[in-house]
Amino acid sequence: MTIRSGPFTRRESKRATRASTVDEHVPSGRGWKRTTWIWIFLLPTMVLYGVYTIYPIIASYWYSLVEWNGFDADQRFVGLQNYQQVLRDPFFLNSFKITLLFMLLVVPARVLLSLLLAIVLNSPKLPLVGVLRSAFFIPVVTTTAIIGVVMRFVLDPATGPINSVVQAFGMEGIDFLGNQNTVLPTAAVLYVWKFFGVTMIYWLAALQTIPHEIYEAARIDGANVRQIFFHITLPLLKPFLIIITVLTIEETFHNFDLMYTLTGGGPYFHTEIIEIYIYRWAFAASIPQLGHASAAAVLFGLLVAIVGAIQLWGVYAARRMRRSNP
Amino acid sequence: MNTQTAAARIARTSRRQRMTRRLPWWIGAAFLVGAAALWVFPFVWMVSASLKDNMEMFTGGLNLVPSNFVWSNYARAWNDAHFGRYLINTVVVTVVTVVIVTVRCATCGYVLARYRFKGSRIFMGILVATLFVPTGYTIIPVVRVSMELGLIDSLAGMILALSGAAYVSAILIYYGYFKKIPRELEEAAVVDGAGFARTFFSVMLPLAMPVTATVAVLTFITTWNSFFLPLVFSFSRPDIRTVSVGMQAFVGETATDWTGMTAAGVISILPVVVLFIFLQRYFVEGISGAVKS
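Below you will find a few notes about this structure. Source: prediction; values computed, not measured. Counting of residues starts from 1 at the beginning of each chain's written sequence and follows it residue by residue. By the order in which they are written, chains take letters starting at A while ligands take numbers starting at 1. The model is predicted, so local features are restricted to residues of pLDDT at least 70 and side-chain atom pairs to those at 80 or more, both for listing and for counting; the totals for chains, interfaces and linings are taken over all residues. The side-chain numbers reported here are obtained from all heavy atoms of the structure, hydrogens and water having been left aside.

**A closer look at the overall build of chain B**
Phase 1: Each helix is a run of DSSP H or I of at least 4 residues and each strand a run of E of at least 2, with the numbering of both proceeding from the N terminus. Within chain B, the secondary structure is distributed over 15 helices and zero strands.
Phase 2: Principal axes of the C-alpha set define a box for chain B whose edges measure 80 × 65 × 35 Å.
Phase 3: For every residue, the accessible area obtained with a 1.4 Å probe (protein chains only) is divided by the maximum for its type, and the residue is called buried under 20%, exposed over 50%, and partly exposed between those limits. Looking at chain B as a whole, 51% of its 293 residues qualify as buried.
Phase 4: Considering only intrachain contacts with a sequence separation of at least 6, the fraction spanning at least 24 residues in chain B is 72%.
Phase 5: Calculation of accessible area relied on Shrake-Rupley with a 1.4 Å probe; when residues are assessed, cover is drawn exclusively from the protein chains displayed. For chain B, the accessible area works out to roughly 13,800 Å², and carbon and sulfur atoms hold 68% of it.
Phase 6: Positive charge is attributed to Lys and Arg, negative charge to Asp and Glu, and no charge count is given to His or to the chain ends. Charge positions are represented by NZ for Lys, CZ for Arg, CG for Asp and CD for Glu. Each charge class in chain B can be summarised by its mean position, and for the 24 positive and 13 negative side chains these summaries are 18 Å apart. Two residues qualify as a contact provided that any one of their heavy atoms is within 4.5 Å of a heavy atom in the partner residue.

Rendered as structure tokens:
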């Protein structure tokens, strides 16, 4: 009996594993009852997501073609005139430039510095690893809009703690946020500080995909720390570099909270990112110009979409890379 | 006796060796602890400032320990600056949004993962295409829609708009998890006479508990910290501000009350930090999911 049960259970378990993953022939809506349930389950997402995400994406295009202050029902169709105005507006071009410049400032810092820290924090021999990881991650969970306000105090040229240190060395206080030359780099440093932890967690997840046996084998073969880093860790991380970089780029587009509370776009538009530009035309102006703001929003959406398309291509390339060197 | 001392000497030297071998790690750790202390300095400063009086605040420089603890800053932030009310608003908005988002993402991910039906591919395609839609892009129509539905200037409208934001990644996490659950479990439930909804709520959803925790925690943090939507939804209704909007208004009203404002900041940030400390695991899981998938 024990002899017979061997092959039998093996075949049985094989069938079980085959059945256990959802196969290709999932029942395709057997009966109206099941179909009804399926759509009931999808309904909350369809309604909320449809009204507050899909519809706005489409409606933005319509809004961008009309002249409209948002109060009256009166919408006058003006064709591409809003786009012409937006593209001719030096302030829009300025905000476009600042959005890209900000991205160039923060993405390398976030991606590369957090990689170094993640590698250090990934080593099993380091004491206090848990506490350190939490400390570097904690700015991420705090409310960005509140951090923006508090940082205005921390960076205050006269009485803020940072300038107290500067003054203790006998130097003049620096007006980090009031000076046109320092404001963008300062905002970039704060942004990196605030969201550094996210990229660090990305890298730690990537590092954990490298099995420990590889390191052990390399050590037995006599490889030193530098060789291990350059010949094992880095090549294996390369596909992740693409994914993490594009995720980070996408995240830098969502920066309204910090910029608006920290600088409000100032001084004199030197930190006015596109999101603040849109906000200014749609909500902060005494007579809102929703058409103009929507045209800017559509152009912003296109920028994000283009980067998103590059991302999909990048992820595809990264997958191929991972498959070719397993 | 002799052998004992020899053994002790060996033990001692090996321990010393181990210590010296570990020494670079401890030095590295000490260095990192210093860096981490600098990293969290703004928060330490904020707590310290919230307990000083305004005079000391402007003259005290770097001294982190207040000369006497001024708890009245908190009373001022709580009552005069209405942070008590803002905190209640934020809790209501966050909790309701978390419930709505978790339920809708769970049911959506479940159906997409386990059933093939007309339109399922298109549905999935649209979801993935909108993975990164910035709020700045959708904000104008969102406000218009809410005005037409009579939901602008209300907490309910704010909650619905926040729950309707993309959250595609949450759906995808559920999708991936439900896809892996063996079919037999579902069949067993059906044999036991459970219908579609019963199968989901009493078998599948409990199984997805870790995913639910991750999604709930991430949604909590996103909603608690959200600023753009609550800002435009409370323009003409100061009483429905959330803490993040309230802070901005506080600065606009009394630009010099730094101690009151830092106290308000502590009131607003403390809940999320406490939540993070206890549920750290789920944060990390949710964030690293983006890289793995």
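From this point, the discussion proceeds with the structure in view.
**Thoughts on helix H4 (residues 72-80) of chain B**
Residue and element names in this part refer to chain B.
Phase 1: Along H4, the residues that are buried comprise Asn73, Tyr74 and Ala77. Around the axis of H4, the buried residues are gathered within 100 degrees of arc, so they sit on the same side.
Phase 2: Looking one or two places after H4, you find His82, whose phi comes out positive at around 65 degrees. As used here, the arc belongs to the directions running from the helix axis to the C-beta atoms.

**Comments concerning a nonpolar patch on the surface**
Phase 1: A cluster of nonpolar side chains, contributed by Leu128 and Val131 of chain A together with Leu23, Trp26, Ile27 and Val33 of chain B, occupies part of the molecular surface with about 580 Å² of accessible area.
Phase 2: Take the nonpolar patch: its biggest share by element is four residues, from helix H1 (residues 2-39) of chain B.
Phase 3: Summarising the element assignment, Val131 of chain A is placed in helix H5 (residues 129-141).
Phase 4: Exposure remark for Val131 of chain A: the relative accessible area of 58% places this residue in the exposed category. Each patch is assembled from residues with relative accessible area greater than 30% and no salt bridge, linking like charges that lie within 9 Å and nonpolar side chains (Val, Leu, Ile, Met, Phe, Trp, Tyr) that lie within 5 Å. By definition here, a salt bridge exists when the distance from a side-chain nitrogen of Lys or Arg to a carboxyl oxygen of Asp or Glu is within 4 Å.

**Description of the interface of chain A and chain B**
Phase 1: Every contact between the two is made by 96 residues of chain A and, on the other side, 100 residues of chain B.
Phase 2: Buried area is calculated as the accessible area (1.4 Å probe) missing from two parts once they are joined, with the contributions of both summed. Both sides of the chain A and chain B interface together cover about 8,900 Å² of buried area, and 78% of this is carbon and sulfur.
Phase 3: In terms of surface lost to chain B, no three residues of chain A exceed Phe41, Tyr52 and Phe153 of chain A, which account for 10% of the buried area on that side.
Phase 4: Across the contact surface, chain A and chain B share zero salt bridges.
Phase 5: We call two N or O atoms a polar contact when they sit within 3.5 Å, provided that within protein one can donate a hydrogen and the other can accept it, with sequence-adjacent residues counted only if both atoms are side-chain atoms. At the junction of chain A and chain B, the tally comes to 10 residue pairs in polar contact (both at pLDDT 80 or more).
Phase 6: For the side of chain A that touches chain B, the element with the highest residue contribution is helix H2 (residues 31-63) of chain A, accounting for 22 residues.
Phase 7: All amino acids are sorted into three groups, where Ala, Val, Leu, Ile, Met, Phe, Trp, Tyr, Cys and Pro are nonpolar, Asp, Glu, Lys and Arg are charged, and the leftover types, Gly among them, are polar. Of the residues belonging to the side of chain A that touches chain B, the class tally is 69 nonpolar, 18 polar and nine charged.

**Remarks on the environment of Val96 of chain B**
Residues and elements named next belong to chain B.
Phase 1: Along the chain, Val96 falls in helix H5 (residues 83-114).
Phase 2: Judged by relative accessible area, which is 33%, Val96 ranks as partly exposed.
Phase 3: Sequence separation between Val96 and Val245 is 149 residues, and the spatial gap between their C-alpha atoms is 19 Å.

**With respect to the pattern of salt bridges**
All names here are of chain B.
Phase 1: Tallied over the full model, the rule gives eight salt bridges over all chains.
Phase 2: A salt bridge links Arg183 to Glu187; the nearest nitrogen and oxygen atoms lie 4.0 Å apart. Pair noted here: Arg183 and Glu187 are both in helix H10 (residues 183-191), with a separation of four residues, about one helical turn.
Phase 3: Arg183 gets classed as buried once you look at its relative accessible area, which sits at 12%.
Phase 4: Judged by its relative accessible area of 44%, Glu187 is partly exposed.
Phase 5: Between Arg237 and Asp239 there is a salt bridge, with the nearest N and O atoms lying 3.1 Å from each other.
Phase 6: Bridged by salt links that share partners, the residues Arg114, Arg183, Glu186 and Glu187 form one connected network.

**Concerning a positive patch on the surface**
Phase 1: Together, Lys125 and Arg219 of chain A together with Arg18, Arg21 and Arg22 of chain B give the surface a local cluster of positive charge.
Phase 2: Of all the elements, H1 of chain B adds the most residues to the positive patch, at three residues.
Phase 3: Mapped onto the fold, Lys125 of chain A is located in the loop between helix H4 (90-122) and H5.
Phase 4: For Lys125 of chain A, a relative accessible area of 46% corresponds to the partly exposed category.

**Looking at the packing of H4 of chain A against H5 of chain A**
Residue and element names in this part refer to chain A.
Phase 1: Where H4 meets H5, the closest approach of the two axes is 10 Å, and the angle between their N-to-C directions is 160 degrees. Considering their axes alone, H4 and H5 lie roughly antiparallel with respect to each other. Here the hand of the crossing between H4 and H5 comes out left-handed. Residue-level contacts link Leu117, Leu121 and Asn122 of H4 to Val129, Leu132, Arg133 and Phe136 of H5. Only C-alpha atoms enter the line fits that serve as axes; for helices the fit covers just the stretch in contact. Angles between N-to-C directions range over 0 to 180 degrees. The scheme is simple: roughly parallel for angles under 35 degrees, roughly antiparallel for over 145, roughly perpendicular for 65 to 115, oblique for anything else. We call a crossing left-handed when the near helix sits turned anticlockwise from the far one by less than a right angle, and right-handed when that turn is clockwise.

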